[in-house]
Amino acid sequence: MSLFTKFASLAAQYRQLEEAGANPFNVSFDSVLSPTEAMLKGRSVLLLGTNNYLGLTYDPAVIAKAVEATERYGTGTTGSRIANGSYAGHQELEQALAGYFNRKHGMVFSTGYQANLGMLSTLAGKDDHLILDADSHASIYDGARLGYAQVTRFRHNSPEDLDNRLRRLKDTPGDKVIVVEGIYSMLGDTAPLKEFAAVKRSYPDTYLVVDEAHSLGVLGENGRGLAEAAGVEADVDFVVGTFSKSLGGVGGFCVSDAEGFDILRVVTRPYMFTASLPPGVIAATLEALHQLQTRPALRRQLTENANRLYDGLAALGFTVGPEPSPVVSTVMPSPEAAFAFWARLLHGGLYTNVSLPPATPKGLALLRSSVSAAHTPAQIDHAIAMFAEAGRELGLIPAAGAKSQGEPVLATAK
Amino acid sequence: MGGLVGDIREIIFETLRSSLPKPVEITENTHIVEDLGLDSVAVMDFVMEIEDRLDISVPLDKIAEIETVGDLIAAMQNLRAGS
Ligand SMILES: Cc1ncc(COP(=O)(O)O)c(C=O)c1O
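As the structure is a prediction and not an experimental result, all values here were calculated from the model.

Reading the values: the criteria
- Residues numbered from 1 in each chain as written.
- Chains lettered and ligands numbered in written order.
- Predicted model: local features only at pLDDT ≥ 70, side-chain atom pairs only at ≥ 80, totals over all residues.
- Heavy atoms only, no water.
- Near = heavy atom within 4 Å.
- Polar contact = N/O pair within 3.5 Å; in protein donor to acceptor, adjacent residues only side chain to side chain.
- Areas by Shrake-Rupley, 256 points an atom, 1.4 Å probe, with all protein chains shown as cover.
- Helix = DSSP H or I, 4+ residues; strand = E, 2+ residues; numbered from the N terminus.
- Nonpolar A, V, L, I, M, F, W, Y, C, P; charged D, E, K, R; others polar.
- Pairing = 2+ DSSP bridges.
- Axes fitted to C-alpha atoms, helices over the stretch in contact; angles between N-to-C directions.
- Core = buried A, V, L, I, M, F, W, Y, C linked by side-chain atoms within 4.5 Å.
- Buried < 20%, exposed > 50% of the residue type's maximum accessible area, 1.4 Å probe, protein only.
- Domains from an automatic or database assignment.
- Parallel < 35°, antiparallel > 145°, perpendicular 65-115°, else oblique.
- Left-handed = near helix turned anticlockwise from the far one by under 90°.
- Contact = heavy atoms within 4.5 Å.
- Expected span 1.5 Å × (residues − 1).
- Buried area = accessible area lost by both parts, 1.4 Å probe.
- Salt bridge = Lys/Arg side-chain N within 4 Å of Asp/Glu carboxyl O.
- 1 Å grid on protein atoms, 1.4 Å probe; cavity = no way out; pocket = protein on both sides within 12 Å on 5 of 7 lines; lining within 4 Å.
- Points joined across faces, edges and corners; volume = space filled by probe spheres on them.
- pLDDT = per-residue confidence, 0-100.

## Concerning the site of the ligand
Residue and element names in this part refer to chain A. By nearness alone, 15 residues border the ligand, and G112, D211, H214, T242 and K245 come closest of all. Contact distances for the ligand include 2.7 Å between an oxygen atom and a side-chain N or O atom of H214. With respect to the ligand, the side chain of K245 contributes an N or O atom lying 3.2 Å from an oxygen atom. When isolated, the ligand has an accessible area of 390 Å², and the protein chains bury 83% of it. In terms of residue count, the dominant contributor to the shell around the ligand is helix α5 (residues 112-123) (3 residues). Split into classes, the residues belonging to the shell around the ligand amount to 2 nonpolar, 10 polar and 3 charged.

Structure, rendered in structure tokens:
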């Protein structure tokens, strides 16, 4: 047991949650019924924390493709692309992604986490520099640690601080690789990508990687993410993303115009030394990508739902993130309050997420929700009503009718 | 140069004091994580304040090696001297 003594204080907190019978980190659904409903301990719950942005997990065409491919090509590839061979679907999906993003090259990974591990550890070598937004996802930090580059972080969403860091490196040899996200998964805020792109352009040997994990299918005229929405796709050298959110599957990708891109397939360890995605997942993702492109109504519905929830919670007096997005988080006064609120919502039949430091910025305890295009306006309104009831009961928001005090919106600018 | 070394020390103590929720006695032997209760992100955020003040960038692997306030002062002095 001494191996685990380093986790003793965490283990005690975890046990407490278990004993209270409400552990947000150990939820197991009896069954999932649809993108928005599941059964939990014999009761029906409304799902408001699944990242299932377009609600494609139960799309009949997507399911049909998964079934067909599984029957034809089997359940798994039982090996890696380089050692055991690719199936036709892998290349087809890579070409489809490249085509969708108007890029020359595409590469598929087994998860988005691995896409970041692979790209960041490989793009920047020993004498290069990775410059990360401070609020980057764990997979970006881990990718940076896996490689040999010098890693520094700049203040979240601050083009000025990014500029400072590039200036300090001006006379240092080596390439500079900047990494930012489209929509940040904790507070739902977007990066000032136009400004970042301008900073990047003003320095030589500097490249920009954008992780569109939460913005693919969500932002941009064609759903290509924040780079499209901000009109700076030409300045983005590498787009990474995941199939596990808007595309309703599992897997990750990178697309790029970089010349010689394909050499990455034999130097990127998180691509090389793991099994490739099963045929059913590949076929489902291809179909989901097709749906994403041909059903812009899904994106409009998602945006409407996101605004409805964001505005509704802000009006109740909750402190919400700096801008509406499908990720809608409310700031809790403490982790204990977040646990109590989460448990109270779940008791009433609403499933959300708890996010705590160090995964969250600025030491915030968050009650995190994510919205789907599959939610009906009535479901969103029901969720808001539950937030109101539980929030008032726990004293997190003013009583009905009372004016809310303080700043309802969390400003991120420092 | 002696003045600069003293400055860095002073800047670090000052920044550390102002970023803690409550006043704590700080010496060079103070252990940043254990004694001050900062988590990994809080340490990185606090180093950012010092980076601004000294106009330097501290690589994450250097931050990971830092255990005490004394380590921090030494790391900053080295980076400043090297830049
Ligand atoms: C910004 C970001 N990048 C990458 C990932 C990893 O994606 P995946 O679930 O495909 O591993 C996530 C998901 O949690 C994310 O939020």
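## A few points about the sheet that holds strand β14 (residues 365-370) of chain A
Residue and element names in this part refer to chain A. Across the sheet, 3 strands lie side by side as β11-β14-β13; this open sheet has antiparallel pairing. Edge positions in the sheet fall to β11 (327-332) and β13 (353-355), since each of these pairs with one other strand and no more. Direction aside, the axes of adjacent strands within the sheet are offset by 30° on average. As defined by bridge partners, β13 adjoins β14 across 3 bridges and the pair is classed as antiparallel.

## Observations concerning the nonpolar core
Soluble globular proteins tend to pack their nonpolar side chains together in the buried interior. Counting residues in each nonpolar core, the largest one holds 89 residues, and the members touching the most others are L97, V180, L193, L313, F318 and F387 of chain A. The residue makeup of this core includes at least three contributed by each of domain 1 (13-47 + 296-393) and domain 2 (59-294) of chain A.

## Points about the packing of helix α2 (residues 60-73) of chain A against helix α11 (residues 279-294) of chain A
All names here are of chain A. One way to put it is that α2 packs onto α11 with a least axis distance of 7 Å and a crossing angle of 150°. Regarding the angle of α2 to α11, the classification is roughly antiparallel. Both α2 and α11 take part in a crossing whose hand is right-handed. Only P279, G280, A283, A284, E287, A288 and Q291 of α11 make contact with α2, whose side of the interface consists of A61, V62, K65, A66, A69, T70 and Y73. Residue composition of the contact of α2 with α11, by class: 9 nonpolar, 3 polar and 2 charged.

## Points about α2 of chain A
Spacing of three or four residues puts side chains on the same side of an α-helix, whose turn is 3.6 residues. Residues and elements named next belong to chain A. Between its terminal C-alpha atoms α2 stretches 20 Å, which fits the 20 Å expected from 14 residues at 1.5 Å a residue. In this structure, the buried side of α2 is in contact with α11. Where α2 begins, one side-chain oxygen reaches toward the backbone nitrogen of A61, 3.0 Å away; that side chain belongs to D59. Positioned one or two residues after α2, G74 has a phi angle of 95°, which is positive.

## Points about the packing of helix α2 (residues 40-54) of chain B against helix α4 (residues 69-82) of chain B
All names here are of chain B. Across the interface, α2 lies against α4 with an axial gap of 12 Å and an inter-helix angle of 35°. Crossing of α2 against α4: the hand is right-handed. Between α2 and α4, the contacting residues are F46, V47, I50 and L54 on the first element and L72, M76 and R80 on the second. Class assignment of the residues belonging to the contact of α2 with α4 gives a composition of 6 nonpolar, no polar and 1 charged.

## A word on the domain arrangement of chain A
All names here are of chain A. If you check the domain split of chain A, you get domain 1 (13-47 + 296-393) and domain 2 (59-294). For domain 1 versus domain 2, the distance between C-alpha centres works out to 27 Å. With 17 residues of domain 1 at the interface, the matching set in domain 2 holds 19 residues. Summing both partners gives a buried area of about 1400 Å² for domain 1 against domain 2, and 59% of it is carried by carbon and sulfur. The largest share of the area that domain 1 buries against domain 2 comes from R299, E323 and P361, three residues that together contribute 38% of it. The interface formed by domain 1 and domain 2 holds 0 salt bridges in total. Remark: the boundary between domain 1 and domain 2 carries 6 residue pairs in polar contact (both at pLDDT 80 or more). Of all the secondary-structure elements, those providing two or more residues to the side of domain 1 that touches domain 2 are α12 (296-316), β11 and β14.

## Observations regarding the layout of surface pockets
Residue and element names in this part refer to chain A. Roughly 740 Å³ of volume is contained in the second largest pocket. If you list the elements that add at least two residues to the lining of the second largest pocket, you get α1 (8-19), α13 (335-347) and β13. Among the elements that line the lining of the second largest pocket, the one with the most residues is α1, at 6 residues. Of the residues belonging to the lining of the second largest pocket, the class tally is 14 nonpolar, 5 polar and 2 charged.

## Focus: empty space enclosed by the protein
Residues and elements named next belong to chain A. For the structure on display, the rule yields 3 cavities of 30 Å³ or more. Estimates place the volume of the second largest cavity at around 60 Å³. Around the second largest cavity, the lining residues are R81, H90, V108, F109, S110, Y271, T274, A275, S276 and L277. Split into classes, the residues belonging to the lining of the second largest cavity amount to 5 nonpolar, 4 polar and 1 charged.

## With respect to helix α4 (residues 88-100) of chain A
Residue and element names in this part refer to chain A. Compared with an ideal rise of 1.5 Å per residue, which puts 13 residues at 18 Å, α4 spans 18 Å between its outermost C-alpha atoms and is within 8% of the ideal. Among the residues of α4, G89, H90, L93, E94, L97, A98 and Y100 are the ones counted as buried. Looking at the residues trailing α4, positive phi occurs at N102, about 55°.

## Topic: the confidence of the model for chain B
All names here are of chain B. Chain-level statistics for chain B give a pLDDT mean of 85 and a share of 92% at 70 or above. Here helix α1 (residues 2-19) stands out as the least confident element of chain B, with mean pLDDT 79; helix α3 (residues 60-65) is the most confident, with 92. Complex prediction metrics read pTM 0.95 and ipTM 0.88.

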